[in-house]
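Fold and contact review
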Amino acid sequence: MKPNLVLNFILALIMVVVLGFFGYVGTVISLLMGGITFYTPLIVVVSVSLMMITVVVIFRLLKPKTLKITVMSFLALCLISIAVYEIFESYQRSIVTVSDQDYNLYGYQPFHDDTNVVALDEPANVKLEGDLPILDGATALYPVYSAFARATYPEKEYNVHQSEVMSNQTGEAFQHLLNGQVDIIFVAAPSKRQLEQAQKRGIELEMTPIGREAFVFFVNEKNPITGLSIEQIQGIYSGKITNWSEVGGENTSIRAFQRPADSGSQTALEKIMEDVPIADPLTEDVVSGMGGVFEEVSSYKNYKNAIGYTFRFFSNEMVKDGEIRHLKIEGVYPDKETIRSGSYPFASEFYAITAGSDNPNVDVLLKWILSEQGQRLIEETGYVAVNSE
């Protein structure tokens, strides 16, 4: 092999290794910053292309003019791709997302300045001191049990995620209860899997109904559909019905969002579906804290062809700018009166659930929640009291 050729080969090898290293670092950084869908593949393509261009330049495999045109065309294509992607992402970010996972609950802390939590217009009949029951539960129910704490707990700061009054969502709150980390959780009825977990561990759950709420389905306000039947809901979420025209709407595909397994709303959907299998949910690729890529159930994005579900209070009171419309089910609209009368088909109780806590204040608090004052807070928060008749 000629000396110049050997030197060129060594130089090309060094440049390829260097470019590969920087490409690898860029790929990792892109993954950690959430660029898996576009920037990560782009970095890989650019890195490989630069390696090829380097080899071409070192070994002079193309004429200078041809090489210049090729490089300029490649750069132009990359810039156009980035511009198109950013415009598309800007549009995506402009679409309202309805998700309880990232909802900011700090405005509902019991004693937060300018809190949104409702308060009694009189002192509570019960004031707890000493060993305070540790409370956890669903995001959508945090405002109501935060109101209980505001009325009966000592005034101080209660961190949303780690305190005597916290909200870590239904699934995690249920695990905290089973592990003895909390005394009471406020959630919708547990899923079949959660009940089996408790049974396997020999834990007896005591479920105290404290209020009623509606499970609602919603669409973009521009969707002409105003209501669905239970059979149509089952058809959509089983994948049997895939186009809005099949239920009297426009000729466009249905984008049916779901919630993660064992969340309160997903459990409610499973009960509605009965024995009808649920189609796989829409997912998105995310990166874990350890850098691994995995799929996560997508949060509801308010596309014109989307449908989603949650509990009425969350969508109606906590997400006021969602540009969504609740659907009638079997011709009945979800509101407090149809929940109270039972005419809305997806109305049900929510619970204060305990698992054998030895905290003496637990029973005191539960009894007070079912009293006139506790039930009044449930009504004034926006739910329907179980002792309202």
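Here the structure is shown first, and the text comes after it.
Here is a short report on the structure shown in this document.

Rules and cut-offs
- Residues numbered from 1 in each chain as written.
- Predicted model: local features only at pLDDT ≥ 70, side-chain atom pairs only at ≥ 80, totals over all residues.
- Heavy atoms only, no water.
- Helix = DSSP H or I, 4+ residues; strand = E, 2+ residues; numbered from the N terminus.
- Rg over C-alpha atoms; globule rule 2.2 N^0.38 Å.
- Contact = heavy atoms within 4.5 Å.
- Areas by Shrake-Rupley, 256 points an atom, 1.4 Å probe, with all protein chains shown as cover.
- Lys, Arg positive; Asp, Glu negative; His and termini not counted.
- Charge placed at Lys NZ, Arg CZ, Asp CG, Glu CD.
- Expected span 1.5 Å × (residues − 1).
- Buried < 20%, exposed > 50% of the residue type's maximum accessible area, 1.4 Å probe, protein only.
- Axes fitted to C-alpha atoms, helices over the stretch in contact; angles between N-to-C directions.
- Parallel < 35°, antiparallel > 145°, perpendicular 65-115°, else oblique.
- Nonpolar A, V, L, I, M, F, W, Y, C, P; charged D, E, K, R; others polar.
- Salt bridge = Lys/Arg side-chain N within 4 Å of Asp/Glu carboxyl O.
- Core = buried A, V, L, I, M, F, W, Y, C linked by side-chain atoms within 4.5 Å.
- Pairing = 2+ DSSP bridges.

Glancing now at the overall build of the chain. Within the chain, the secondary structure is distributed over twelve helices and 14 strands. Since a compact globule built from 389 residues should have a radius of gyration of about 21 Å, the 28 Å found for the chain marks it as more spread out than a globular shape. Its C-alpha atoms put the chain at 95 × 55 × 45 Å along the principal axes. In the chain, the share of contacts with a sequence separation of at least 24, taken over all contacts with a separation of at least 6, comes to 72%. With an accessible surface of roughly 20,500 Å², the chain has 56% of that area assigned to carbon and sulfur atoms. On the chain, the mean spot of the 29 positive side-chain charges and the mean spot of the 46 negative ones are 13 Å from each other.

Helix length check: helix 3 (residues 64-94) (31 residues) gives 45 Å between terminal C-alpha atoms against 45 Å at 1.5 Å per residue, within 8%. What helix 3 keeps buried is the set Leu-67, Phe-74, Cys-78, Tyr-85 and Gln-92. Its buried side turned inward, helix 3 meets helix 2 (39-59) and strand 9 (300-301).

Turning our attention to the side chain of Asn-359. On the secondary structure map, Asn-359 appears in the loop between strand 13 (347-354) and helix 11 (361-369). Those residues within four positions of Asn-359 in sequence are excluded, and the remaining contacts are Asp-131, Leu-132, Pro-133 and Asp-183.

Taken N-terminus to C-terminus, the directions of helix 4 (residues 142-152) and helix 11 make an angle of 110°; their axes are 12 Å apart at the nearest point. Looking at the two axes, helix 4 sits roughly perpendicular to helix 11. Contacts from Phe-148, Ala-151 and Thr-152 in helix 4 reach Leu-365, Trp-368 and Ile-369 in helix 11. Here the residues of the contact of helix 4 with helix 11 are counted per class, giving five nonpolar, one polar and no charged.

Here we come to the pattern of salt bridges. With the rule as written, the count across this model stands at ten salt bridges. Across the pair Arg-376 and Glu-372 runs a salt bridge, and its minimum N-O distance is 2.8 Å. Pair noted here: Arg-376 and Glu-372 are both in helix 12 (residues 372-381), with a separation of four residues, about one helical turn. Salt bridges sharing partners connect three or more residues here, namely Asp-121, Glu-122, Glu-372 and Arg-376.

Turning to the nonpolar core, a few remarks are in order. By size, the foremost hydrophobic cluster in this structure holds 54 residues, and its most contacted members are Phe-148, Tyr-153, Phe-186 and Trp-368. The set of elements that each furnish at least two residues to this core consists of helix 4, helix 5 (169-178), strand 3 (184-187), helix 9 (312-318), strand 13, helix 11 and helix 12. Setting aside residues up to four positions removed in sequence, Trp-368 forms contacts with Leu-120, Ala-124, Asn-125, Val-126, Phe-148, Ala-151, Thr-152, Gln-373, Gly-374 and Leu-377.

Structurally, Ser-315 is set in helix 9. Given a relative accessible area of 4%, Ser-315 falls into the buried group. Linking Ser-315 and Phe-111, residues 204 residues apart in sequence, is a C-alpha distance of 24 Å. Those residues within four positions of Ser-315 in sequence are excluded, and the remaining contacts are Val-216, Thr-310, Ile-324 and His-326.

For the rest of this paragraph, the subject is the pairing of strand 4 (residues 206-220). By the criterion of burial, strand 4 is predominantly enclosed, with twelve of the 15 residues buried. Note that strand 4 and strand 14 (residues 384-385) share two bridges and pair antiparallel. Looking at the pairing, Arg-212 lines up with Val-384 of strand 14. In this structure, strand 4 lies alongside strand 10 (residues 306-311), joined through five bridges in antiparallel fashion. In the strand pairing of strand 10, Phe-215 is matched with Phe-311. Alignment of strand 4 against strand 11 (residues 324-326), held across three bridges, turns out to be antiparallel. What sits directly across from Val-219, in strand 11, is Arg-325.

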